[in-house]
Amino acid sequence: MTTAHTDTSSAGTGHVAIEPSILYFGTPVVLLSTENPDGTFNLAPMSSAWALGRLVVLGLGAGGQTARNLAERPEAVINLPSPGQWRHVERLAPLTGRYPVPEDKPAGCRFEPDKFAASGLLPEPSLAVRPPRVARCPLQLEARVQRVRPDGSGAFVIAEALVERVHAHPDIVVPGTQHVDPDAWSPLVYNFRHYFGLGPERGCSHRSETPRGGGGAPRAGTAGAP
Ligand SMILES: Cc1cc2nc3c(=O)[nH]c(=O)nc-3n(C[C@H](O)[C@H](O)[C@H](O)COP(=O)(O)O)c2cc1C
């Protein structure tokens, strides 16, 4: 069935070719906690993170403290903040745990040895790894990095982290199950350097384990919506 939002690009839709300076097209923000060489802990926001089963792939600037920490001490917590926590995330944005501040960091970036205090977020002990969880983040993934390798340019590293434990706030778990409730959970999405939460649901995958209106079908009131 053809709907009103069908992409008719083959017929020409007037797209313009542009050269954007960034391609942050909307990925969830994570707060990565890692261990510094002196046994203290670093906390860094990042949005280049995605999951392959239990493996989470992380893209990191090669010169940052987080990349160094993961190469030397492979434990981490991948904390997922909610949309309401965006100001805490943004407080961490101009900070690095590396001293002296690397030259390739953006202007205004400064060294901060205690990023938890700077963010206003509280640590909570992890169970399987040394870096702490971020207490108020609704989802916390304790993970062990299996591989860190440079990207083709040398500017970034790609880390592969195997998740060992998942902690979820009870409010986002379907009662009596192992499932995160997609209706209750929203990631904080980084969309071309602006922070968003999720809008209303449009439908679900045929593989959803938490369907309400029937797998794959758009829910009432959303049919034909773009
Ligand atoms: C919302 C947000 C998303 C970010 N995403 C990434 C990312 O995916 N990869 C990355 O290397 N840096 C990312 N950054 C920048 C790092 O947080 C920044 O370079 C920070 O200084 C790293 O800290 P560190 O040097 O202590 O590791 C992001 C920053 C913000 C605020």
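For the structure itself, consult the block above.
Quick summary incoming for the structure in this document. (Residues numbered from 1 in each chain as written. Predicted model: local features only at pLDDT ≥ 70, side-chain atom pairs only at ≥ 80, totals over all residues. Heavy atoms only, no water.)

So, the pattern of salt bridges
Pairing between side chains of opposite charge can happen when their charged atoms approach one another. Inclusion rule: When a carboxyl oxygen of Asp or Glu is within 4 Å of a side-chain nitrogen of Lys or Arg, the pair counts as a salt bridge. Strands are runs of DSSP state E lasting at least 2 residues, helices are runs of H or I lasting at least 4, and numbering of each runs from the N terminus. Only protein chains enter the accessibility calculation, which uses a 1.4 Å probe; a residue is then buried when its area is under 20% of its type maximum, exposed when over 50%, and partly exposed in between.
Scanning all chains against the criterion turns up seven salt bridges. Measuring nitrogen to oxygen at the nearest pair gives 2.8 Å for the salt bridge that ties Glu75 to Arg144. Pair noted here: Glu75 is in strand E6 (residues 75-80) and Arg144 is in strand E11 (residues 139-150), with a separation of 69 residues, a long-range link. Judged by its relative accessible area of 16%, Glu75 falls in the buried class. A relative accessible area of 29% means that Arg144 is categorised as partly exposed. Between Glu164 and Arg144 there is a salt bridge whose closest N-O contact spans 2.7 Å. Note that Glu164 is positioned in strand E12 (residues 156-168) and Arg144 in strand E11, a separation of 20 residues in sequence. By sharing partners, the salt bridges in this structure join Glu75, Arg144 and Glu164 into a single network.

Digging into the sheet that holds strand E14 (residues 194-196)
Neighbouring strands of a sheet are bound in pairs by backbone hydrogen bonds; such pairs are parallel or else antiparallel. Formally: Being paired, for any two strands, means DSSP has found at least two bridges between them. Where helices are involved, their axes are fitted lines through C-alpha atoms of the stretch in contact, as for all axes, and angles between N-to-C directions lie from 0 to 180°.
Within the open sheet, the three strands sit side by side as E1-E13-E14. Their pairing is antiparallel. Each edge of the open sheet is held by one strand with a lone partner, namely strand E1 (25-28) and E14. Ignoring strand direction, the axes of neighbouring strands in this sheet form an average angle of 30°.

A look at a nonpolar patch on the surface
The line we're drawing: Each patch groups residues whose relative accessible area exceeds 30% and which form no salt bridge, using 9 Å between like charges and 5 Å between nonpolar side chains of Val, Leu, Ile, Met, Phe, Trp and Tyr. Only the protein chains shown count as cover for residues, and the accessible areas themselves come from Shrake-Rupley with a 1.4 Å probe.
On the surface, a nonpolar cluster with roughly 370 Å² of combined accessible area is contributed by Leu23, Phe25 and Phe192. Relative to the helices and strands, Leu23 is located in the segment before E1. Under the relative-accessibility criterion, Leu23 is labelled exposed at 61%.

Some details on the nonpolar core
Stated formally: Put simply, a nonpolar core is a bunch of buried Ala, Val, Leu, Ile, Met, Phe, Trp, Tyr and Cys residues held in one set by side-chain atoms that sit within 4.5 Å of each other. Here, two residues are considered to be in contact whenever any of their heavy atoms come within 4.5 Å of each other.
One finds Leu32, Val56, Leu58, Leu60, Leu70 and Ile78 to be the most contacted residues of the largest nonpolar core, which totals 22 residues. Listed by contribution, the elements that provide at least two residues to this core are strand E2 (30-35), strand E5 (55-61), helix H1 (65-72), E6, E11 and E12. Residues within four places of Leu58 in sequence aside, it is in contact with Leu32, Met46, Ser48, Ala49, Leu70, Val157, Ile158, Ala159 and Ala161. Counting 12 residues, the second-largest nonpolar core is a separate cluster that includes Leu95, Leu121, Val134 and Leu188.

Looking at the packing of aromatic side chains
Going by this rule: Stacked, edge-to-face and tilted labels apply to pairs of Phe, Tyr and Trp rings (six-membered ring for Trp) whose centres lie within 6.5 Å, assigned for plane angles under 30 degrees, over 60, and everything in between, in that order.
In total, this model carries four aromatic pairs according to the counting rule given. One aromatic cluster in this structure is built from Tyr24, Trp86, Tyr190 and Tyr195.

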